[in-house]
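Structural overview
These are the residues of each chain, in order.
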Amino acid sequence: MCIKKKWIILLCCFSLVLLAGAFYVPQKCVNGQSVAYAAPLVRIGYAQTREYGSFSQVLLETARELAREGCIAESFLDKYEDVNFEMHFEEGDTEKLWQDICDATVKGAPYQFSREAFFDMNEMPQEDYPDMVNRNDVDITFTMGTDPSVYFFEHEKKNKFMSIYAADPIKSGIVKSTTERYTDNSYALMDLTPYLRQLDAGYKFLQFEKLGVVYEDSEAAYDYSDIREIEQKAEEYGFEVVYEHVDEPVSEEDYDRYYTELKQAYRNLVDKGIDCLYVTISSINYEEKMQELLDDAIIPAGVKTMAQDDLAPLAYGVLFGVTISDAKEVASYVFSEIRRYAEEGVPFDELDMVYECTPKIGINYTTAQRIHFDLPFEDLQIVDVVYKNE
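Read on for a plain summary of the structure.

What counts and what doesn't
Residues numbered from 1 in each chain as written. Predicted model: local features only at pLDDT ≥ 70, side-chain atom pairs only at ≥ 80, totals over all residues. Heavy atoms only, no water. Helix = DSSP H or I, 4+ residues; strand = E, 2+ residues; numbered from the N terminus. Buried < 20%, exposed > 50% of the residue type's maximum accessible area, 1.4 Å probe, protein only. Contact = heavy atoms within 4.5 Å. Areas by Shrake-Rupley, 256 points an atom, 1.4 Å probe, with all protein chains shown as cover. Lys, Arg positive; Asp, Glu negative; His and termini not counted. Charge placed at Lys NZ, Arg CZ, Asp CG, Glu CD. 1 Å grid on protein atoms, 1.4 Å probe; cavity = no way out; pocket = protein on both sides within 12 Å on 5 of 7 lines; lining within 4 Å. Points joined across faces, edges and corners; volume = space filled by probe spheres on them. Nonpolar A, V, L, I, M, F, W, Y, C, P; charged D, E, K, R; others polar. Pairing = 2+ DSSP bridges. Axes fitted to C-alpha atoms, helices over the stretch in contact; angles between N-to-C directions. Polar contact = N/O pair within 3.5 Å; in protein donor to acceptor, adjacent residues only side chain to side chain. Phe/Tyr/Trp six-rings, centres within 6.5 Å; stacked < 30°, edge-to-face > 60°. Right-handed = clockwise from strand over helix to strand, strands pointing away. Patch = residues over 30% accessible without salt bridge, like charges linked within 9 Å, V, L, I, M, F, W, Y side chains within 5 Å. Salt bridge = Lys/Arg side-chain N within 4 Å of Asp/Glu carboxyl O.

Digging into the overall build of the protein chain
Summing up its helical and strand segments, the protein chain has 13 helices and twelve strands in all. Across its three principal axes, the protein chain shows a C-alpha extent of roughly 105 × 40 × 40 Å. In the protein chain, which comprises 390 residues, the proportion classed as buried is 52%. Within the protein chain, contacts between residues separated by at least 24 positions form 66% of all contacts whose residues are at least 6 apart in sequence. Of the roughly 18800 Å² that the protein chain leaves accessible, carbon and sulfur atoms contribute 50%. Of the charged side chains in the protein chain, 36 are positive and 73 negative; the average position of the first set lies 9 Å away from that of the second.

Structural data, given as structure tokens:
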């Protein structure tokens, strides 16, 4: 009888060890401490307006941060060591990145990416949009750009979402203000003055008198091209703004029309006497088309160019740029807020939404030589990145 009791006790202990092992999750990715969780703290989904290098870079930087803390296998860092999607981006890169992140996520990590919760609205029929929201496999979805952010605000009732890189989240109706939400499941990252800072630096460096701008004649493009801020600075500094309108492409087949009209718009602006072109955020494939567009009329006329879309266009011929965001900083900030919610118990609708990027200045030295633009030495000293074309 005694032996039988011993076996029963041993079996019970063994069962308890197995049970504990099933639920124990060794962690080093919660503030550097070993913490056990029976289930993930946060399951992350992803929805984007369209493929865009900056969206992918934020996702990559988020994964890098988690990999450095042990939530994602270190082999992921090796695989993506020299990758920068803002400098070089190809169709399909974002979804491949997503799958690689899911493959590399450490089993039992408190922060996980839900493999099936990846969506690109540009590749989805509208009738499939409901698949993005009210899911059972996510807790928070990153909504990259304005369209998914607005859609999630209107239709997501079950889970939470964090809007990143939406054009004017307040005017778009995603949140009420920098501190107030319409719903307690919404969040929108905001930098209140990025384009004003960019225009301040651009005017100081380039000293233009007549700024050319091309954008689609629509309310949405007016917002994401930040025409209001351009006009505000034109009034402040006294420069003139000249506009041309070109509709954005609506399909792959429409790009030929788009580039033809864009090239003609640049010619028209040169004819109107601009001394600087502001290359606004648009559908231009920088790697394939930016240099060609500039070489047609802008550079031969000696017109200076300034990029609105961070520094990416500078690698392909645009003269000057100032960062409006930094993917690494954005990822770090957003994830720190997720941690405050998941680990510290801060209510989701009380997380901080206002963030300001540390600006970096870039210049394309080759283009400067081609248009005979001389940058004063004191200005050159504060340039962070210098680009040269072959």
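Details of the layout of surface pockets
Approximately 330 Å³ is the volume attributed to the second largest pocket. Around the second largest pocket, the lining comprises 18 residues; the ones closest to its centre are Asn-84, Glu-86, Asp-326, Ala-327 and Lys-360. Here the element with the most residues in the lining of the second largest pocket is helix α2 (residues 53-68); it accounts for four residues. Grouping the amino acids of the lining of the second largest pocket by side-chain chemistry returns six nonpolar, four polar and eight charged.

Points about the sheet that holds strand β1 (residues 42-48)
Judged by pairing direction, the sheet is parallel, and its five strands sit side by side in the order β2-β1-β3-β4-β5 without closing on themselves. Each end of this open sheet is capped by a strand with a single partner; those strands are β2 (111-120) and β5 (186-188). Across the sheet, the mean angle separating the axes of adjacent strands is 20 degrees when strand polarity is ignored. Across five bridges, the pairing between strand β3 (residues 140-144) and strand β4 (residues 160-164) is parallel. Looking across to β4, one finds that Thr-143 is bridged to Ser-163. In this fold helix α5 (residues 146-155) packs onto β1, β3 and β4, with an angle of close to 140 degrees to the strand it touches most, β3.

Looking at empty space enclosed by the protein
Overall, the coordinates contain one cavity of 30 Å³ or more when judged by the stated rule. For the largest cavity, the calculated volume is near 80 Å³. Contributing to the lining of the largest cavity are 13 residues, with Val-214, Leu-262, Tyr-266, Thr-280 and Ser-282 lying nearest its centre. Of all the secondary-structure elements, those providing two or more residues to the lining of the largest cavity are β6 (210-215), α9 (255-271) and β8 (276-279). Taken together, the residues of the lining of the largest cavity sort by class into ten nonpolar, two polar and one charged.

Brief notes about the environment of Asn-122
Checked against the element boundaries, Asn-122 lands in the loop between β2 and β3. In this structure, the C-alpha to C-alpha distance between Asn-122 and Arg-340, residues 218 residues apart in sequence, is 32 Å. If sequence neighbours within four positions are ignored, Asn-122 has contacts with Thr-49 and Arg-50.

Looking at the side chain of Ser-325
Relative to the assigned elements, Ser-325 resides in the loop between β10 (320-322) and α11 (327-342). A distance of 3.1 Å separates the side chain of Ser-325 from the side chain of Tyr-165, its partner in a polar contact. A distance of 3.1 Å separates the side chain of Ser-325 from the side chain of Asp-310, its partner in a polar contact. In this view, Ser-325 contacts Tyr-165, Asp-310 and Cys-357; residues no more than four positions away in its chain are not counted.

A word on the packing of aromatic side chains
Per the stated rule, a full pass over the model turns up 24 aromatic pairs. Between Tyr-52 and Phe-55, the aromatic rings sit 5.0 Å apart at their centres with planes inclined by 80 degrees, giving edge-to-face as the arrangement. By the burial criterion, Tyr-52 is buried, and Phe-55 matches it. With a centroid separation of 5.6 Å and 45 degrees between ring planes, the pair formed by Tyr-333 and Tyr-355 is classed as tilted. Note that Tyr-333 is positioned in helix α11 and Tyr-355 in the loop between α11 and β11 (361-364), a separation of 22 residues in sequence.

Examining the pairing of β4
Regular strands show a simple pattern: their side chains alternate between the two faces of the sheet. Counting buried residues along β4, four of its five residues qualify, which places the element largely inside the surrounding structure. As for the winding sense of the linkage, the β-α-β connection from β3 through α5 to β4 is right-handed. Sheet topology places β4 next to β5; three bridges connect them, and they run parallel. Paired with Phe-161 across the bridge in β5 is Ser-186.

Focus on a negative patch on the surface
Among the surface-exposed residues, Glu-74, Asp-78, Glu-81 and Asp-82 lie close enough to one another that they form a single negatively charged patch. With respect to the secondary-structure elements, Glu-74 resides in helix α3 (residues 74-79).

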